[in-house]
Amino acid sequence: MVAGWEVQSADSGRRYLVLIDGAFPFSKVQIACVSEGDRYLQWPHVEEHGFLCLPAPKWLPCEKLGVSAQDSLQRAEQLISCCQSEDFVRTESQKEFVSYWARHSGTAVRSLIDVAGNRAARIVCARKTGGGIVVGESSEQLDAWCEKNERFQGGIAVQAVFAFVEDAPFLPFPQNSRQFFDRFIEASPEINNCLAKLSPFRDTLIVLASSAQDGIGLWGCYLRAVPLDGFRPTRDARANKAIWRRNCLYMPGFVARVDGSWVHGRDGDRHYPQISQKHVVVLGAGSLGSQVAARLAQAGVGRISIVDPQVLAACNVGRHELGMGSLDKNKAEELARLLSEKYPHGDYSGVPATWQAVLRETPELFEGADLVVCCMGETPQDLAWSAHHQSGKLGVPSLYGWLGTQGATGHALLIAPSGPGLSCFIDPGGYVRRPDTEFSGGDQLQAEPGCGTEFQPYGPLAAGEVEVLVSRLAIDFLSGKVGASAHRIRTCSTEELSELGGEWTKEHGMQRPEGYEGPLQYELPVTSCGECYKCTDGK
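Residues numbered from 1 in each chain as written. Predicted model: local features only at pLDDT ≥ 70, side-chain atom pairs only at ≥ 80, totals over all residues. Heavy atoms only, no water.

S.K.: In this structure, what is going on with the overall build of the protein chain? I would like to understand it.
M.R.: Within the protein chain one finds 17 helices and 22 strands. Overall size of the protein chain, expressed as C-alpha extent along the three principal axes, is 90 × 70 × 40 Å. Taken over 539 residues, the protein chain has a buried fraction of 47%. Counting contacts in the protein chain only where the partners sit at least 6 residues apart, residues at least 24 apart contribute 65% of the total. (Helix = DSSP H or I, 4+ residues; strand = E, 2+ residues; numbered from the N terminus. Buried < 20%, exposed > 50% of the residue type's maximum accessible area, 1.4 Å probe, protein only. Contact = heavy atoms within 4.5 Å.)

S.K.: Is there a simple way to explain the packing of aromatic side chains in this structure?
M.R.: For any two aromatic rings, the description comes down to two numbers: the centre-to-centre distance and the angle of the planes. Enumeration over the complete set of coordinates arrives at 11 aromatic pairs. An angle of 75 degrees between the planes, with centres 6.1 Å apart, marks the rings of Phe180 and Phe181 as edge-to-face. Accessibility classification places Phe180 together with Phe181 in one group, the buried group. Classification of Phe180 as buried rests on a relative accessible area of 0%. The structure contains a cluster of three or more aromatic residues connected by ring pairs, namely Trp101, Phe173, Phe180, Phe181, Phe184, Trp219 and Tyr250. The ring centre of Phe164 lies 4.0 Å from the NZ or CZ of Arg119, which sits over that ring. Cation over ring: Arg183 sits above Phe170, and NZ or CZ is 4.5 Å from the ring centre. (Phe/Tyr/Trp six-rings, centres within 6.5 Å; stacked < 30°, edge-to-face > 60°. Lys NZ or Arg CZ within 6 Å of the ring centre and 35° of its normal.)

S.K.: Before we go on, may I ask you to explain the side chain of Ser261 in this structure?
M.R.: Note that Ser261 resides in helix α8 (residues 260–263). Sequence-distant contacts of Ser261, defined by excluding residues within four places in its chain, comprise Ala116, Arg266, Asp267 and Tyr272.

S.K.: Explanation requested: helix α10 (residues 289–299) in the structure shown.
M.R.: Note: α-helices contain 3.6 residues per turn, so residues at a spacing of three or four share the same orientation. With respect to burial, α10 is a largely interior element, eight of its 11 residues being buried. The elements touched by buried residues of α10 are β11 (279–283), β12 (303–307), α11 (331–342), β13 (347–351), β14 (371–374) and α15 (460–478).

S.K.: How should I be thinking about the sheet that holds β11 in this particular structure?
M.R.: Strands pair in a sheet through their backbones, by hydrogen bonds, and they do so in one of two ways: parallel or antiparallel. Spatially, the eight strands line up as an open sheet ordered β13-β12-β11-β14-β15-β16-β20-β22, and their pairing is mixed. Bordering the open sheet on either side are β13 and β22 (520–524), each of which pairs with just one other strand. The average undirected angle you get between the axes of adjacent strands in this sheet is 15 degrees. Here β11 runs beside β12; their pairing, made up of five bridges, is parallel. (Pairing = 2+ DSSP bridges. Axes fitted to C-alpha atoms, helices over the stretch in contact; angles between N-to-C directions.)

S.K.: What is the right way to look at the nonpolar core in this model?
M.R.: Core analysis: the biggest nonpolar cluster contains 46 residues, and Leu52, Phe180, Leu195 and Leu208 have the highest contact counts within it. Leave out the neighbours within four places in its chain, and Leu52 touches Tyr16, Ile31, Cys33, His45, Val46, Ala76, Leu79 and Ile80. (Core = buried A, V, L, I, M, F, W, Y, C linked by side-chain atoms within 4.5 Å.)

S.K.: Explanation requested: the pattern of salt bridges in the structure shown.
M.R.: When the charged atoms of two side chains lie near each other, side chains of opposite charge can form a pair. One pass over the structure, following the stated rule, counts 25 salt bridges. One continuous salt-bridge network, built from bridges that share partners, spans Arg295, Glu321, Lys342 and Glu467. (Salt bridge = Lys/Arg side-chain N within 4 Å of Asp/Glu carboxyl O.)

S.K.: Whenever I open this one, helix α4 (residues 139–146) confuses me. Can you help?
M.R.: Within the span of α4, buried status applies to Leu142, Trp145 and Cys146. Burial along α4 is one-sided: seen end-on, the buried residues are contained in an arc of 90 degrees. (Arc of directions from axis to C-beta.)

S.K.: I'm lost on the environment of Ala69 in this one. Help?
M.R.: Looking at the element boundaries, Ala69 is found in helix α1 (residues 61–82). Leave out the neighbours within four places in its chain, and Ala69 touches Val18 and Val29.

S.K.: Explain the sheet that holds strand β2 (residues 15–20) to me, please; I cannot follow it from the model alone.
M.R.: The strand order β1-β2-β3 describes an open sheet built from three strands, whose pairing is antiparallel. In this open sheet, the two strands that pair with only one neighbour each are β1 (3–8) and β3 (30–33). The mean angle between the axes of side-by-side strands here comes to 25 degrees, regardless of whether they run parallel or antiparallel.

S.K.: Would you explain unusual backbone geometry in this entry?
M.R.: A negative phi holds for most residues other than glycine; trans holds for most peptide bonds. A cis amide bond, omega -10 degrees, links Leu171 with the succeeding residue Pro172. Structurally, the position occupied by Pro172 is in the loop between β7 (156–164) and α5 (177–185). Phi angles above zero are rare outside glycine, and Asp267 is one such case at about 65 degrees. Relative to the assigned elements, Asp267 resides in the loop between α8 and α9 (272–275). Despite not being glycine, Gln406 has its phi angle at roughly 55 degrees, a positive value. Gln406 gets classed as buried once you look at its relative accessible area, which sits at 13%.

Next comes the structure, spelled out in structure tokens:
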């Protein structure tokens, strides 16, 4: 704060400070109450040093400082007046109890507990590591999560219990173990039954969950083990609880949810429980496949197997999920490693081989999949996979994703095992049988100097837009929104196509609304073409 004024309410006589900081006039004024004593962690919305956390719908300091200050003072007076009521303090602090509980605690807990799907009181597993305490449903879950994050590897086991408490905590909070047990433990037979199986002579973590206005919040405490000096170990649950209640060191803990339902949707994605159990195989970890795999991992797909025999080259980095640190390393393995670090709830593996080799050596990888996403970007390989897919040996759909000439179009094609083949949509040369664009200069392919591979000159924005198209269709299928066949096409705007040197075909004109020149997405039915070798039996 760099300047301020002290004012006094004519009605209540309370004194307030109206303060501005160094960012003013591009920041709002702040109000502190100086006449009510230290009410931090006693009243809701009262911060340290009397600062008040106030909404500011009329924040206009640049134009009308007086209006902003007056509005804030009125809200401050209203808040402090309301805080004279115990009912207000209770109900208001319960709404945001997570913000107040263990505000300055040095005990940080990360929870993998399934609070959204299982409210039963139960003994859980916890581990004290260099990165803090991690708690989960089982030791196996902790092992799988911690091994993907160097900060949480190793550590020692801590006994722990979890329970759901309907009545969320409210200000003021307990200051010792006696108050904690009296307020939250004594009235809960479920928690007591769990504690009866634990010992007060070992460090104990108690994690509690409560529903607030905006969802489920976690809170709890860490009880330091009581020394055996002067006590005799006993299996008497009553005696043990009395020891906890009277003699242990009580430390409220800040509990952060890191369970999958919270990380991959803040409990708002009703499809997460379903897709978290799915297995997707991604063929090709290039500019499109790497981004699709990353987005599926972010969405919470439980298991992703990535197959690609190639290493990352510098020319790929500008439109790839991986960066320069992965140069000359296998794309599939590097991508799986990166996703495992970023999203440790999932099971991600990279296979540095062709899909043919995987099919020959470990066919169970495909047999246990729910969906195969094919983004290899090489027509012979795509058509070869389609031939295997249509042979009837694989009973799951295949989702093909690819970009058209210069990235002006993109396709997400989901085909059932018994449906048409990829050859019904692209010919052996890689050309779409029903194109949306045409270029006077041909296919626009470019090649690297020397004996380089050919490639389409599109950038990261085009790849990203098609990635969304493919990822969305994959999630829609895995969550049951669409069946096993769908074809979605995305095109750029007319202006962008013109800049690329192309124009729309007559077939595309049948899909584009009259007068509309912007980007377009539409769907076509998945039907046999009647022309390809599959439809004509090679004749």
